[in-house]
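# Close look at the chain arrangement
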Amino acid sequence: MRRTHRCGDLRATHVGQRALLQGWVHRQRDHGGLIFIDLRDREGIVQVVFNPTIAPEAHATASDARAEYVLEIEGTVAPRPAGTENPELPTGAVEVVADRAQVLNPSLPLPFTVAEEGPVDEAVRLTYRYLDLRRPRMARNLVLRHRVVKFIRDFFDELGFLEVETPILAKSTPEGARDYLVPSRVRPGEFYALPQAPQQFKQLLMVGGVDRYFQIARCFRDEDLRADRQPEFTQLDLEMSFVEQDDVLGLAEDLFTRMSRALTTKNVPTPFPRLTYDEAMTLYGSDKPDLRYGMASVELSDLFGETEFEVFRGVLGSGGVIRGIRVPGGARYSRREIDELTETGKTEGARGLAWAAIEPGELRSSFARFLSEGEQRAMIERLEGREGDLLLLVAAPGWVPSKALGAIRIEVARREGLADPDTLAYARITEFPLLEWDEEGRRWDAVHHPFTSPMDEDFSLLESDPGRVRAQAYDLVCNGWELGGGSIRIHRRELQERMFGLLGFTPERAEAQFGHMLRAFQYGTPPHGGMAVGIDRVVAIFAGESSIREVMAFPKNQSAADLLMNAPSQVDERQLRDLHIGLELD
RNA sequence: GGGCUCGUGGUGUAGCGGCCUAACAUGCGGCCCUGUCAAGGCCGAGAUCGGGGGUUCGAAUCCCCUCGAGCCCGCCA
């Protein structure tokens, strides 16, 4: 190591010391005589001065230097002349007066500026990711990500958890997300699958007596990408023996409270609100509500039992419901803006949107003229409407009013900037349904996964009314993102077989696919449960980023391509032969 | 598979039927300049307006197709 100091570390205390620095040319300012170069390394930036009368050779080298050249310079740390200090820079009290300089490696002109933050097309950033990583945003996010992972490892280590690695070459399970398949030279015609999650392995670790397990685990899913979804991503995976739901949720709350406060300056309301799935869906139309703002929807059906308004009467007559929300200050919305909100509601199945703007002395409304005065008053009172507010109502079957108003709620919050970026609004969502009906496949599907235990009090419904069975499953949400979820698992063979039966597995298929689990449960499997949390999403929320790509060093673009390496790519005929694979492309 | 938005010098934007022989900033090259820190000044190079077809006397601008990017729906046990 030739470096004596890091550029960003130099302070007034170093004045008088000799320094040998290596780093990148952040910026070069050539005054003809004096040349200033801001030399940058990971720790920061320091100004280096080249004086032609002191060191003509070094000055000549500095004169040729361009952005992102890698330089080695040697000189003396000096206080800056009075009046030229730069308070913007941590190193701004000092500068290095260079007497020697050497170009370690020049740089071509850049495809985009490293020294400035400005927006750059993401495809260009990803193609030159190594340059993008030098910019402050990515450099900062990588540091934050490291701290999150470090915090998690320390946290669980202190509690006696063991980090255990599980296989990346695992077994394909046709349920759930599509697998990435891996062929094998030595096993013609057979395939491994990359794990969608270490789910079965961690349960088997509990059977193996590990008791408390965690892992920073890479997971793979061959599904379409989103801002918060990549084909490979990282989970905090954890599992505990002899625990109940509250033990897991309590641990998660403790981890996230402490980690958020240690690594961010954001507000973290505690304790985390706890909503059942049913409550979240009813109030916010979502199982991952953003609780940084209000505007929960309110049940109004009972106010319109006698109404003359045909639309409401029709919906109520066929068993539908009427719900509403209050948009504070929304009375100033134009017809056009309200029409746009109506469109938002339609994406969730609402046929229309009934609206009423509370203006001084009158109700400007799409439907109030069909209501009695009593109905108008009751509606305003129930929604706590005040002058200047806009009341929005949806009448429709089932979840539609909640979901439509939930979508409108998010849209209004976006327009009004209601979501405080400096708050982390965590919540626990519990009592998820165990099963959901798959209309296409004409069968019941596991909402979480087939190893999830039903709630004790719903056992009797398993065969009689499967759709009403609640699971011991839970999610951790934050600011409208699903951060993670988990469940208490089934640990007895009989119940697991019953679950497979409900999911339409023949005993033969259950044996072929999950026989190892069923067998393991016959050898003293402890009760156990756990959860998995998306690390990429946690870091993104902490960093204030809206895409997890911003917190991954080398992410893929929306069409699942790695633009830097150019993956995926075609392979040699020879490789395919070794793997006993023939291609059939259409 | 579908919906929406966007493709203009290296980068970021403007222009949205004729004033475009395409503007601005930054970057790039040259010259000048000894206290700047987004250094400054002067000069210069750099774009067949993603690609193809069409409408029109005339297209960066309007229409169709296509390719690419982003966001969303489906999908994500």
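Residues numbered from 1 in each chain as written. Chains lettered and ligands numbered in written order. Predicted model: local features only at pLDDT ≥ 70, side-chain atom pairs only at ≥ 80, totals over all residues. Heavy atoms only, no water.

## Describing the domain arrangement of chain A
Once the domains are mapped, chain A shows domain 1 (7–105), domain 2 (139–274 + 427–551) and domain 3 (293–418). The straight-line distance from the C-alpha centre of domain 2 to that of domain 3 is 38 Å. (Domains from an automatic or database assignment.)

## Overview of helix α1 (residues 56–64)
Each full turn of the α-helix corresponds to 3.6 residues, which orients residues three or four apart in the same direction. Of the positions making up α1, those classed as buried are Ala 58, His 59 and Ala 62. End-on, the buried residues of α1 take up no more than an arc of 100°, which puts them together on one face. Along α1, exposed side chains directed more than 90 degrees from the buried face belong to Pro 56, Glu 57 and Asp 64. (Buried < 20%, exposed > 50% of the residue type's maximum accessible area, 1.4 Å probe, protein only. Helix = DSSP H or I, 4+ residues; strand = E, 2+ residues; numbered from the N terminus. Arc of directions from axis to C-beta.)

## Details of the protein's contact with RNA strand B
Taken together, the neighbourhood of RNA strand B is formed by 44 residues, with Arg 27, Thr 84, Glu 95, Gly 176 and His 448 sitting nearest. The sugar and phosphate moieties of RNA strand B supply 48% of its atoms located within 4 Å of the protein. Note that a sugar or linking oxygen of RNA strand B is positioned 3.3 Å from one of the backbone N or O atoms of Leu 34. Mapped by element, the contributors of at least two residues to the surface near RNA strand B are β1 (18–30) and β2 (35–41). Per-element accounting of the surface near RNA strand B gives the leading share, three residues, to β1. For the surface near RNA strand B, the per-class residue count stands at eleven nonpolar, 15 polar and 18 charged. (Near = heavy atom within 4 Å. Polar contact = N/O pair within 3.5 Å; in protein donor to acceptor, adjacent residues only side chain to side chain. Nonpolar A, V, L, I, M, F, W, Y, C, P; charged D, E, K, R; others polar.)

## A word on helix α14 (residues 507–520)
Taking 1.5 Å per residue, 14 residues should reach 20 Å; α14 reaches only 16 Å between its end C-alpha atoms and comes up short. Of all bends in α14, the biggest is about 90°, found at Phe 514. Those residues of α14 that fall on the buried side of the exposure criterion are Ala 510, Gln 513, Phe 514, Gly 515, Met 517, Leu 518 and Ala 520. (Expected span 1.5 Å × (residues − 1). Bend = angle between axes of the 7 residues up to and from the residue.)

## Thoughts on the nonpolar core
Formed by 42 residues in total, the largest nonpolar core has its most connected members in Ile 152, Phe 156, Leu 236, Phe 256 and Tyr 426. Only α4 (136–158), β9 (212–220), β10 (232–241), α6 (245–263), β20 (473–478), β21 (481–488), β22 (528–534) and α15 (535–543) provide two or more residues apiece to this core. Apart from the residues lying within four places of it in its own chain, the contact partners of Tyr 426 are Phe 256, Ser 260, Val 268, Phe 272, Pro 273, Leu 476, Val 477, Cys 478, Leu 483 and Phe 542. With 30 residues, the next largest nonpolar core counts Phe 451, Phe 500, Phe 514 and Met 517 among its residues. (Core = buried A, V, L, I, M, F, W, Y, C linked by side-chain atoms within 4.5 Å. Contact = heavy atoms within 4.5 Å.)

## What about the packing of aromatic side chains?
Two numbers describe a pair of aromatic rings. These are the distance of the centres and the angle of the planes. In the structure shown here, the tally under the stated rule is 18 aromatic pairs. When the ring of Tyr 128 is compared with that of Tyr 130, the centres are 6.2 Å apart and the planes differ by 75°; the resulting orientation is edge-to-face. On the accessibility criterion, Tyr 128 (31% relative accessible area) is partly exposed. On the basis of relative accessible area, Tyr 130 is assigned to the partly exposed category, the value being 43%. An aromatic cluster of three or more residues is present, and its members are Phe 304, Phe 309, Phe 312, Phe 367 and Phe 370. (Phe/Tyr/Trp six-rings, centres within 6.5 Å; stacked < 30°, edge-to-face > 60°.)

## Quick word on the environment of Leu 204
Within the fold, Leu 204 resides in helix α5 (residues 199–207). For Leu 204 and Ala 404, which are 200 residues apart along the polypeptide, the C-alpha to C-alpha distance reads 42 Å. Aside from chain neighbours lying at most four places away, what touches Leu 204 is His 516, Met 517 and Ala 520.

## What to know about unusual backbone geometry
Residue Pro 271 is reached from Thr 270 by a cis peptide bond, and omega for that bond is -10°. Tracing the chain through its elements places Pro 271 in the loop between α6 and β11 (274–276). Phi is positive for Asn 566, which is not a glycine, with a value near 70°. Judged by relative accessible area, which is 58%, Asn 566 ranks as exposed. The phi torsion at His 580 lies on the positive side, around 60°, for a residue other than glycine. Along the chain, the position of His 580 falls in the segment after α16 (573–578). His 580 gets classed as partly exposed once you look at its relative accessible area, which sits at 44%.

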